[in-house]
Amino acid sequence: MTTEYTKPLPIPGGMYGATRGDFTQPFWEATKRHELVIQRCRTHDGFFFYPRELCPVCLSSDLEWAPVSGRGRVHAFTIVYQPNDPRFNDDAPYVYAAIQLDEGARIISNVIDIPPHDVTVDMPVVAVFEDVTPEWTLVKFRPA
Amino acid sequence: MTMRGAAAIVGFAEMPTRRTYEGRTAMGLMAEASRDAMADARIRKEEIDGLIVEGGDFYPAAIGEYMGLNPNFVTGVSTMGASGATATSVAAMAIHSGLANNVLVTLSAPRETGMPWGSPPSPGMRTEFENPYGPAVAANTGYGLMYSRHMHEYGTTQEQLANIAVNQRYNALENENAVFRGQPLTVEDVLNSRYINYPIRLLESVMPCAGGAAIILTSADRADSFPNRPVYLLGAGIACDPLTGWARERLTRSVVTRSAPIALQMAGYGPSDIQFAQFYDCYTILHAVCLEDAGLVPKGEIGPFFAATDTTYKGSFPINTDGGQLSCGQPGDAGGFRHVVEATRQIMGRAGVRQVERNDLCMVNG
Ligand SMILES: [Zn+2]
């Protein structure tokens, strides 16, 4: 890449914590390999997102990072014309969407490679990976 | 025994909502509104023995200290936009349980010109999994998702929901406390306003503002000794959903599906008994969903309802008779308090030109 990536990179940390939340590291290590992994609770046998130290369904600590297909559907979306962070201004309008993964968890991301107003609820999508810096790879979605 | 009818609002005061109160502080606005509410109830400061505030921005004790109050019961509720309605309910709980006799509830927000919305997030889920993807400004993102999903599930249109902003603007035209007083609005105006984030348009969103209000509650056995018509709290429900909109199981359902039935059961009334409503309205879509979830409109039929119903103060079912937050402006977490204040004003019969005829039973959503 010739131009520097100027938009916000992921800043890990517990929901209300101020320290680095290293437990999410497997997620970002996987995106660098262009794989999507989501936490799975072994106790009740289900996926969940965003990452937590305990399962939000049954409070079990018996968790693993499990690969998922990256396939899902647009559960709901919004087209951002006025970003909260001005570093996104040049991208607007763009699609910010909740993606319901086939495995059951819901993840938040962008839907790309489609004119924003052509996106529809329930549209099938698949994960794509953007190596935005040598250290960070974001997972986004495009029409399947 | 529930707290049905155990406490009543006997005085109120509202600082006019304005774009800014330059040079004023949150404490100062709360103190002024509180002083005026005490005067309205004709109660002395020394008689106030309970204080309930928003609690997230300031310790409740600091607010008491600012006004020279030494209450026996004090707490903050920290339920964001719902803080006003929550605090009012907690005040009734405190009176019902014998912790206090005369409770002051006050909330405010100052705002400097050009002040950005919110504060930078501390590291956490939002900075790690949301911000790299560029959420929309303010709280818009979650409501944009709710809106697109509601359109998909129920065929709701933006033209239908534009009536929410239009009807409320009519109600605000002669409200001296409203930022948009004297500025009529049409459905075309709403539909021609720019997108903040599709489907949400500028005129379907609140304007960040400054303001504040205060109310005084007392016990039922003392309520009749005050000069104003007492406004009894007959039922309340305080329920909670995931803070993160996209993490909610059903995006088109609000927490009102759980809070409203608790309140109605306590009050002993059904949705069809309600004469008028004051409902939270940071965005048209949330207002719409909450009205459905309270049972006032069948689920999924809010679009046709607003296309066919006059919800102005002159109409068959008045809603947000002061113009709501959409036309008055939103002073931060104090914004939702206006729904309690306007319900009080109407039931006391002091709403002037916008006074509703049937003013005995109101449902308030924070
Ligand atoms: Zn579990």
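Before reading further, recall that the structure is shown in the block above.
Computed from a predicted structure; not experimentally measured.

**Examining the overall build of chain B**
Along its length, chain B carries 13 helices and 10 strands. A compact globule built from 366 residues should have a C-alpha radius of gyration of about 21 Å, and chain B, at 19 Å, falls within 12% of that. Once the C-alpha set of chain B is aligned to its principal axes, its extents read approximately 55 × 45 × 40 Å. Within chain B, residue pairs in contact and separated by at least 24 positions form 76% of the contacts whose partners lie at least 6 positions apart.

**Focus on the interface of chain A and chain B**
The partner chain B presents 29 residues to the 35 residues of chain A that form the contact. Where the side of chain A that touches chain B is concerned, the elements lending two or more residues are β4 (71–80), β5 (94–101) and β6 (106–111) of chain A. Of the residues in the side of chain A that touches chain B, the class split is 22 nonpolar, 9 polar and 4 charged. Direction of pairing for β4 of chain A relative to strand β5 (residues 195–198) of chain B: antiparallel, over a ladder of 2 bridges. Among the inter-strand pairings, Val80 of chain A is bridged to a residue of β5 of chain B, identified as Asn197 of chain B.

**Thoughts on the packing of helix α6 (residues 158–172) of chain B against helix α10 (residues 284–293) of chain B**
Residues and elements named next belong to chain B. Packing of α6 against α10 leaves a shortest axis separation of 9 Å and a crossing angle of 95°. Comparing the axis directions of α6 and α10 gives the class roughly perpendicular. Across the interface between the two elements, Leu161, Ile164 and Ala165 of α6 pack against Thr284, Ile285, His287 and Ala288 of α10. Counted by class, the contact of α6 with α10 contains 5 nonpolar, 2 polar and no charged residues.

**As for the nonpolar core**
If you look at the biggest cluster of nonpolar residues, it comprises 144 residues, and the most contacted ones within it are Ala91, Ala213, Ala214, Ile215 and Leu217 of chain B. Once residues within four sequence positions are removed from consideration, Ala213 of chain B is found in contact with Phe12, Ala13, Glu14, Met15, Ala33, Leu107, Ala334, Phe337, Arg338 and Val341 of chain B.

Calculation notes
Residues numbered from 1 in each chain as written. Chains lettered and ligands numbered in written order. Predicted model: local features only at pLDDT ≥ 70, side-chain atom pairs only at ≥ 80, totals over all residues. Helix = DSSP H or I, 4+ residues; strand = E, 2+ residues; numbered from the N terminus. Rg over C-alpha atoms; globule rule 2.2 N^0.38 Å. Contact = placed C-beta atoms within 7 Å. Nonpolar A, V, L, I, M, F, W, Y, C, P; charged D, E, K, R; others polar. Pairing = 2+ DSSP bridges. Axes fitted to C-alpha atoms, helices over the stretch in contact; angles between N-to-C directions. Parallel < 35°, antiparallel > 145°, perpendicular 65-115°, else oblique. Core = buried A, V, L, I, M, F, W, Y, C linked by C-beta atoms within 7 Å. Buried ≥ 20, exposed ≤ 12 C-beta atoms within 10 Å, placed from the backbone.

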